[in-house]
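# Observations on the model geometry
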Amino acid sequence: MGGFPELVIEYTGERLAGVDEVGRGPLAGAVVAAAVILDPCRPVEGLGDSKALSEKRRLELDALIRERALAFAVAQASPAEIDELNIYHATHLAMRRAIDALAVAAEYLLVDGNCLPRHHLPGQAVVKGDARHPAIGAASILAKVARDAQMVALDARYPEYGFARHKGYPTPEHLAALARLGPLAEHRRSFAPVKKQLELF
């Protein structure tokens, strides 16, 4: 798939959790992670990289995953935790929280990326995993839908920043609003564009 070698998984049971995150790059909001144990008896068609799907399709799949999965959980690390730990360690914290929140305990992890999140469970890191395994794709979808909803809620509170459109990423619109209005409590103070504006306000 996509030029990658076949994914060989060193686990054959049914309690395999796919894990993924959304929101490493934005200047504002939490980093959100999800963990999903799919039910082989109730498959969900069309799972994959959440970024490659339309918003309408993501919402449809989000509902199906929640209805059919053996277990799922969504968790996050706050902007304050990102500033304290750095985005790499905060991302892994959010992943561990999602894994630990599963109503059915996982036995094995498949984690998107090239590093495992220092959880006690065994597992594999899978580069481009959201496009290569349905459980990771499912986690990608849940995490993105949850984080996008947070950004829409933030937009309702601070419409002048445009969060519903840019989702907190450093777009020209967001950077202009940041320069004009200054950072919010939800902005990540350790990120360079925000840090720069804090020095000016």
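The structure we're discussing is the one just above.
Described below are features of the structure shown in this document. (Residues numbered from 1 in each chain as written. Predicted model: local features only at pLDDT ≥ 70, side-chain atom pairs only at ≥ 80, totals over all residues. Heavy atoms only, no water.)

If you tally the helices and strands in the protein chain, you get 7 helices and 5 strands. Going from the N terminus to the C terminus, the protein chain shows its helices and strands as β-β-α-β-α-α-β-β-α-α-α-α. Seen through its C-alpha atoms, the protein chain measures out along the principal axes to roughly 55 × 35 × 35 Å. Among the 201 residues that make up the protein chain, the fraction classed as buried is 51%. (Helix = DSSP H or I, 4+ residues; strand = E, 2+ residues; numbered from the N terminus. Buried < 20%, exposed > 50% of the residue type's maximum accessible area, 1.4 Å probe, protein only.)

Moving on, we get to the pairing of strand β1 (residues 16–22). A large share of β1 lies buried, amounting to 7 of its 7 residues. Relative to strand β2 (residues 31–37), β1 is paired through 5 bridges, and the arrangement is antiparallel. Residue pairing in the sheet places Asp 20 in a bridge with Ala 34 of β2. (Pairing = 2+ DSSP bridges.)

With that settled, consider the pairing of strand β4 (residues 108–112). Within β4, 5 of the 5 residues are buried, which leaves the element mostly enclosed by the surrounding structure. Burial of the side chains of β4 extends over both faces: Tyr 108, Leu 110 and Asp 112 are buried on one face and Leu 109 and Val 111 on the other. Of the pairings in the sheet, the one linking β1 to β4 comprises 4 bridges and is parallel in character. Each residue of the ladder has a partner; that of Val 19, found in β4, is Val 111.

This part covers helix α3 (residues 87–100). Taking 1.5 Å as the rise per residue, α3 with 14 residues should run 20 Å; its terminal C-alpha atoms sit 20 Å apart, in good agreement. Burial within α3 is extensive, with 10 of its 14 residues counted as buried. Along α3, the positions that sit buried rather than exposed are Ile 87, Ala 90, Thr 91, His 92, Leu 93, Ala 94, Met 95, Arg 96, Ala 98 and Ile 99. Those residues of α3 that are buried lie in contact with β1, β2, β3 (71–77), α2 (79–85) and β4. Where α3 begins, one side-chain oxygen reaches toward the backbone nitrogen of Tyr 88, 3.0 Å away; that side chain belongs to Asn 86. (Expected span 1.5 Å × (residues − 1). Contact = heavy atoms within 4.5 Å. Polar contact = N/O pair within 3.5 Å; in protein donor to acceptor, adjacent residues only side chain to side chain.)

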